[in-house]
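Examination of the molecular architecture
Below are the chains, spelled out letter by letter.
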Amino acid sequence: MTKIALVTGANKGIGFETAKQLTQHNIKVLLGARNETEGKKAEEALRALSLDATYVKLDISNSADIENVKNYIESEYGVLDILVNNAAVFLDSDWFGNNTETVPLQTLRDTFDINYFGTVELTQALLPAIKKSEAGRIVNISSVSGSFGVHLDESHWLYALKPYAYSASKTALNQFTVFLANALRDTKIKVNAANPGWVKTSIGSDQAPLTPEEGAKTGVQLALIDENGPSGTFSQSGEILSW
Ligand SMILES: NC(=O)c1ccc[n+]([C@@H]2O[C@H](COP(=O)([O-])OP(=O)(O)OC[C@H]3O[C@@H](n4cnc5c(N)ncnc54)[C@H](OP(=O)(O)O)[C@@H]3O)[C@@H](O)[C@H]2O)c1
């Protein structure tokens, strides 16, 4: 039977490439995008390659959108096999230095609304459909910016880069990964966090070494793990990372 996947923030960047690579594994992919024009463009681009993708309107910080997508998945397919929580924003003024003393609370709230609360609300809403899958997979696209290990390691290349709002939202997402994997430990569902690497996108900038195609690989690999695969891990290209 064809598997059904939902990728959030699938209109561009790593999300679009993740959706594309999943369709190439003969998975039916729902392309979540908050902007209808951009979402439809992404759908057309994949359909032009004879890939099976359908746009769904999904602003993950909008509860009505989440409810609509949940109802659509349940009525149309009755099940969700793969959820890739990819959508996120970077709202700190820049990547450099440490803005913990000055970052406006509104920036923190707006970042957490999407990167953390939106992801948690969407995942909770879709869990009943994921529990109906033979092999549910949840992949949270995180970042080494959220890693305590990295931010305590003076020799790490990211040590000097401490944008607080973005990084803290990814730390919270990592905790969600660990706790949800534990809550679902007696089910067939596996929950893992992926670090894409430093990727050329709006968030990663054009200075980044990796293409979106390369950046999508870890998330896709974790979406496709079999029943012997891990749960509750944080990795990049198969290498376990420090939380
Ligand atoms: N690029 C990197 O180097 C890097 C490194 C580590 C982790 N990551 C993570 O990789 C993921 C993808 O980011 P990216 O690098 O591909 O950046 P991107 O090109 O900016 O893509 C972000 C996507 O998220 C969407 N989005 C933002 N807010 C949303 C909301 N409220 N509802 C639904 N969609 C929303 C954006 O939609 P719009 O087009 O409408 O804004 C866009 O499709 C993120 O989780 C990011 O934190 C990236």
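The present account deals with the structure reproduced in this document. (Residues numbered from 1 in each chain as written. Predicted model: local features only at pLDDT ≥ 70, side-chain atom pairs only at ≥ 80, totals over all residues. Heavy atoms only, no water.)

The N-to-C vectors of helix 3 (residues 63–76) and helix 4 (residues 105–131) enclose an angle of 20°; their axes lie 10 Å apart at closest approach. The angle between the axes of helix 3 and helix 4 places the two elements in the roughly parallel class. Classified by chirality, the crossing of helix 4 by helix 3 is right-handed. Contacts between helix 3 and helix 4 involve S63, I66, K70, I73 and E74 on the former and, on the latter, G118, E121, L122, A125, L126, P128 and A129. (Axes fitted to C-alpha atoms, helices over the stretch in contact; angles between N-to-C directions. Helix = DSSP H or I, 4+ residues; strand = E, 2+ residues; numbered from the N terminus. Parallel < 35°, antiparallel > 145°, perpendicular 65-115°, else oblique. Left-handed = near helix turned anticlockwise from the far one by under 90°. Contact = heavy atoms within 4.5 Å.)

We now examine the site of the ligand. The local shell around the ligand holds 29 residues, among which N11, N86, Y166, V199 and T201 are the closest. Between the ligand and K12, the relevant distance is 3.5 Å, taken from an oxygen atom to a side-chain nitrogen or oxygen of the residue. Taking V199, its main chain carries an N or O atom lying 2.7 Å from an oxygen atom of the ligand. Burial of the ligand by the surrounding chains reaches 93%, relative to a free accessible area of 890 Å². Of the residues assigned to the shell around the ligand, the class counts are 13 nonpolar, 12 polar and four charged. (Near = heavy atom within 4 Å. Polar contact = N/O pair within 3.5 Å; in protein donor to acceptor, adjacent residues only side chain to side chain. Areas by Shrake-Rupley, 256 points an atom, 1.4 Å probe, with all protein chains shown as cover. Nonpolar A, V, L, I, M, F, W, Y, C, P; charged D, E, K, R; others polar.)

Tallied over the full model, the rule gives eight aromatic pairs. Pairing F90 with Y166 gives two aromatic rings, centres 5.2 Å apart and planes at 55°, and the pair type is tilted. Taken together, the positions of F90 in the loop between strand 4 (82–85) and strand 5 (97–98) and Y166 in helix 6 (residues 164–183) put the pair 76 residues apart, joining distant regions of the chain. Y166 carries the same exposure label as F90, and that label is buried. Considering the side-chain rings of W157 and W198, the 6.0 Å spacing of their centres and the 25° angle between planes classify their relative orientation as stacked. One end of the pair, W157, is in the loop between helix 5 (148–151) and strand 7 (161–162); the other, W198, is in the loop between strand 8 (190–194) and helix 7 (212–215), and 41 residues separate them in sequence. According to the relative accessible area criterion, W198 is partly exposed, its value standing at 37%. (Phe/Tyr/Trp six-rings, centres within 6.5 Å; stacked < 30°, edge-to-face > 60°. Buried < 20%, exposed > 50% of the residue type's maximum accessible area, 1.4 Å probe, protein only.)

Below, the discussion takes up the pairing of strand 4. Alternating residues of strand 4 divide into I82 and V84 and L83 and N85, and every residue in both groups is buried. Two strands pair when backbone bridges link them, and strand 1 (residues 4–7) and strand 4 are joined in this way by three bridges, in the parallel orientation. Across the sheet, residue V7 finds its bridge partner in strand 4, namely V84. Of the pairings in the sheet, the one linking strand 4 to strand 6 (residues 137–141) comprises four bridges and is parallel in character. Residue pairing across strands places I82 opposite R137, the latter belonging to strand 6. (Pairing = 2+ DSSP bridges.)

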